[in-house]
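A structural walkthrough
Read off the chains here:
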Amino acid sequence: QVQLVESGGGLVQAGGSLRLSCAASGSTFSSSTMGWFRQAPGKEREFVAAHVYSGGNSGYANSVKGRFTISRDDAKNTIYLQMDSLKPEDTAVYYCAASKFYWTTDYDNSGRYDYWGQGTQVTVSS
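Nothing here was measured: the structure is a model prediction, and the numbers come from that model.

This part covers the nonpolar core. Within the largest apolar cluster, 31 residues are counted, with the highest numbers of intra-cluster contacts made by Leu 4, Trp 36, Val 48, Phe 68, Leu 81, Met 83 and Tyr 94. Contributions of two or more residues to this core are made by β3 (18-25), β4 (34-39), β5 (46-51), β7 (68-73), β8 (78-83), β9 (92-98) and β11 (120-125). When near neighbours in sequence (up to four residues on either side) are disregarded, Met 83 contacts Gly 16, Ser 17, Leu 18, Leu 20, Arg 67, Phe 68, Tyr 94 and Val 122.

The next subject is the side chain of Arg 67. Among the structural elements, Arg 67 can be located in the loop between β6 (58-60) and β7. The exposure class assigned to Arg 67 is buried, which follows from its relative accessible area of 11%. Sequence-distant contacts of Arg 67, that is, excluding residues within four places in its chain, are made with Gln 82, Met 83, Asp 84, Ser 85, Leu 86, Lys 87 and Asp 90.

This part takes up the packing of aromatic side chains. Here the structure, examined in full by the defined rule, presents six aromatic pairs. Between Phe 37 and Phe 47, the aromatic rings sit 5.7 Å apart at their centres with planes inclined by 75°, giving edge-to-face as the arrangement. Here the residue Phe 37 occupies a position in strand β4, and Phe 47 occupies one in strand β5, the gap between them amounting to 10 residues. Neither Phe 37 nor Phe 47 differs from the other in exposure class; each is buried. Taken together, the aromatic side chains of Phe 37, Phe 47, Tyr 107, Tyr 113 and Trp 116 make up a single cluster linked through ring pairs. Against the face of Trp 116 rests Arg 45, its NZ or CZ located 4.9 Å from the ring centre. When the ring centre of Trp 103 is taken as origin, the NZ or CZ atom of Arg 112, which lies over that ring, is 4.4 Å away.

In space, the four strands of this open sheet follow the order β1-β3-β8-β7, with antiparallel pairing throughout. The sheet terminates laterally at β1 (3-7) and β7, the two strands that pair on one side only. Here the average twist between neighbouring strands, direction ignored, is 15°. Direction of pairing for β3 relative to β8: antiparallel, over a ladder of six bridges. What sits directly across from Ala 23, in β8, is Thr 78.

Cut-offs and rules
- Residues numbered from 1 in each chain as written.
- Predicted model: local features only at pLDDT ≥ 70, side-chain atom pairs only at ≥ 80, totals over all residues.
- Heavy atoms only, no water.
- Core = buried A, V, L, I, M, F, W, Y, C linked by side-chain atoms within 4.5 Å.
- Buried < 20%, exposed > 50% of the residue type's maximum accessible area, 1.4 Å probe, protein only.
- Helix = DSSP H or I, 4+ residues; strand = E, 2+ residues; numbered from the N terminus.
- Contact = heavy atoms within 4.5 Å.
- Phe/Tyr/Trp six-rings, centres within 6.5 Å; stacked < 30°, edge-to-face > 60°.
- Lys NZ or Arg CZ within 6 Å of the ring centre and 35° of its normal.
- Pairing = 2+ DSSP bridges.
- Axes fitted to C-alpha atoms, helices over the stretch in contact; angles between N-to-C directions.

As far as function goes, none of this settles anything; it's purely spatial.
See below:
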């Protein structure tokens, strides 16, 4: 079974940067699709970014494309979300997610993921 723990959230001014980390345990990490989702107060959870498998492709929501980068460090069993040029609209709780399998399509669908972290708060001030 996979366990996920996010960290790295905080308060940052618009235009600044943060790097979120997701420490994973379990044997499926290197071959599974990993993703980031976020949820703002009063809104539904939305897709942010995904990495289909270790060394594989990545995909991004249009709202973050060009500003956010997802990456993996297999040696540390950790995935990251580098967030640059942050906007107040990025304020949300960010969740790390992992699938038992890898998905080359539909990785923006939260239903593809089997494991979720507890979330980390990101607040961007104007």
